Amino acid sequence: MGVEGCTKCIKYLLFVFNFVFWLAGGIILGVALWLRHDSQTTNILYLHLGDKQAPNTFYIGIYILIAVGAVMMFVGFLGCYGAIQESQCLLGTFFTCLVILFACEVAAGIWGFVNKDLVAKDVKQFYDQALQQALQQDLSDSEATNAKTVVKTFHETLDCCGANTMMAIGASFIKNDLCPKEKNILETLTQGHLPQDCHKKIDELFSEKLYLIGIAAIVVAVIMIFEMILSMILCCGIRNSTVY
């Protein structure tokens with residue numbers, strides 16, 4: 001015997017929420033794949049300075065996000081099927097999965113908030129080391145070429161020059177070939193503008209990415225809370241309908 005009345009409305013409401021949850025999982029998966037293959041982050045985080053690779057903390061977070069998106073799509077399908085079939089077993093499994101996902105999301109959110117500046121800090125340190133080597137005169141040709149390649153990639157990708165404004169001016173005069181051509185210091189100062197420093201650009205790059213991830217996490221958390229409430233109400237309604 002199927003559920004009736006308000007419980008039936010909750011059944012279809014839960015189906016709609018689960019469909020939205022499944023779509024949200026697909027969107028998160030798509031955004032994560034876009035972040036993984038974004039040209040700016042890929043150009044920077046694939047760099048090597050000698051034997052040292054650019055920090056990959058950001059990519060670890062992206063891989064976790066890809067896994068979360070895939071799991072959300074599976075759980076959303078499970079919830080849709082459980083609601084339509086009015087299965088207490090499937091709804092109970094769905095609720096358990098939601099609780100685990102919610103706990104993981106809260107833990108990831110806390111970790112991300114505490115370490116939100118870690119990724120940008122590591123990348124800035126990597127850039128500073130490459131810039132220092134590129135400006136040195138006593139390095140071997142291979143080391144100097146490698147350092148210049150890393151620095152130029154940062155400058156061309158982020159459209160910046162130097163670790164700060166004063167260093168940008170100094171780098172433009174000393175090693176003008178390191179900066180983007182359109183950022184020639186004489187032309188820039190004549191126009192009344194100062195060069196953009198790379199530390200600021202790196203902060204902006206990763207803060208924008210983390211902002212997107214944060215919005216997605218908040219939306220998903222709200223949907224999950226509603227789904228947990230509706231799934232328990234529907235499960236109780238199914239149990240009561242079998243008594244009669």
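Computed from a prediction, not measured in an experiment: that's the story for all the values here.

**Student:** Looking at this structure, how should I read the state of the cysteines?
**Tutor:** Covalent bonding between the sulfur atoms of two cysteines defines a disulfide. Going through the model one piece at a time under the given rule, you end up with one disulfide. With its sulfur 2.0 Å from that of its partner, Cys160 forms a disulfide with Cys198. As the torsion about the S-S bond is roughly 95°, the Cys160-Cys198 disulfide counts as right-handed. One end of the pair, Cys160, is in the loop between α6 (141-158) and α7 (165-174); the other, Cys198, is in helix α9 (residues 198-243), and 38 residues separate them in sequence. Between Cys235, a cysteine without a disulfide, and Cys236, which holds the nearest cysteine sulfur, the sulfur-to-sulfur distance is 6.2 Å.

**Student:** What am I meant to see in the pattern of salt bridges here?
**Tutor:** Between side chains of opposite charge, a pair can form when the charged atoms approach closely. Going through the model one piece at a time under the given rule, you end up with two salt bridges. Residues Lys11 and Glu86 are paired through a salt bridge, measuring 2.9 Å at the closest nitrogen-oxygen approach. Taken together, the positions of Lys11 in helix α1 (residues 6-37) and Glu86 in the loop between α3 (57-85) and α4 (88-114) put the pair 75 residues apart, joining distant regions of the chain. In this structure Lys11 comes out as buried when scored by relative accessible area, which is 8%. Here Lys124 makes a salt bridge to Asp203, at a shortest N to O gap of 3.1 Å. Of this pair, Lys124 sits in helix α5 (residues 118-135) while Asp203 sits in helix α9; the two residues are 79 residues apart in sequence, bridging distant segments of the chain. A residue is classified by how much of its surface remains accessible, and Lys124, at 18% relative accessible area, is buried. With relative accessibility at 32%, the residue Asp203 sits in the partly exposed group.

**Student:** Can you help me understand the nonpolar core in this one?
**Tutor:** Across soluble globular proteins, nonpolar side chains show a tendency to be buried alongside one another. Counting 51 residues, the largest nonpolar core has Phe21, Tyr127, Phe154, Ile202 and Phe206 as the members making the most contacts within it. Taken together, the elements giving at least two residues each to this core come down to α1, α2 (39-45), α3, α4, α5, α6 and α9. Sort the elements by how many residues they give to this core and α9 lands first, with eleven residues. Those residues in contact with Phe206 that lie beyond four places of it in its chain are Thr41, Leu45, Phe58, Val119, Ala120 and Val123.

**Student:** Got a minute to help me understand the packing of aromatic side chains in this structure?
**Tutor:** To describe a pair of aromatic rings, you give the distance between the ring centres and the angle between the ring planes. All chains considered together, the criterion is met by six aromatic pairs. Between Phe126 and Phe154, the aromatic rings sit 6.4 Å apart at their centres with planes inclined by 45°, giving tilted as the arrangement. Remark: Phe154 occurs in helix α6 and Phe126 occurs in helix α5; sequence separation between them is 28 residues. Judged by relative accessible area, which is 1%, Phe126 ranks as buried. Accessibility expressed as a relative area gives 0% for Phe154, which makes it buried. An aromatic cluster is present here, built from Phe126, Tyr127 and Phe154 joined pairwise through their rings. One residue, Arg36, lies across the ring of Tyr59, its end atom 4.5 Å from the ring centre.

Quick notes on the rules
Residues numbered from 1 in each chain as written. Predicted model: local features only at pLDDT ≥ 70, side-chain atom pairs only at ≥ 80, totals over all residues. Heavy atoms only, no water. Disulfide = S-S within 2.5 Å. Helix = DSSP H or I, 4+ residues; strand = E, 2+ residues; numbered from the N terminus. Salt bridge = Lys/Arg side-chain N within 4 Å of Asp/Glu carboxyl O. Buried < 20%, exposed > 50% of the residue type's maximum accessible area, 1.4 Å probe, protein only. Core = buried A, V, L, I, M, F, W, Y, C linked by side-chain atoms within 4.5 Å. Contact = heavy atoms within 4.5 Å. Phe/Tyr/Trp six-rings, centres within 6.5 Å; stacked < 30°, edge-to-face > 60°. Lys NZ or Arg CZ within 6 Å of the ring centre and 35° of its normal.

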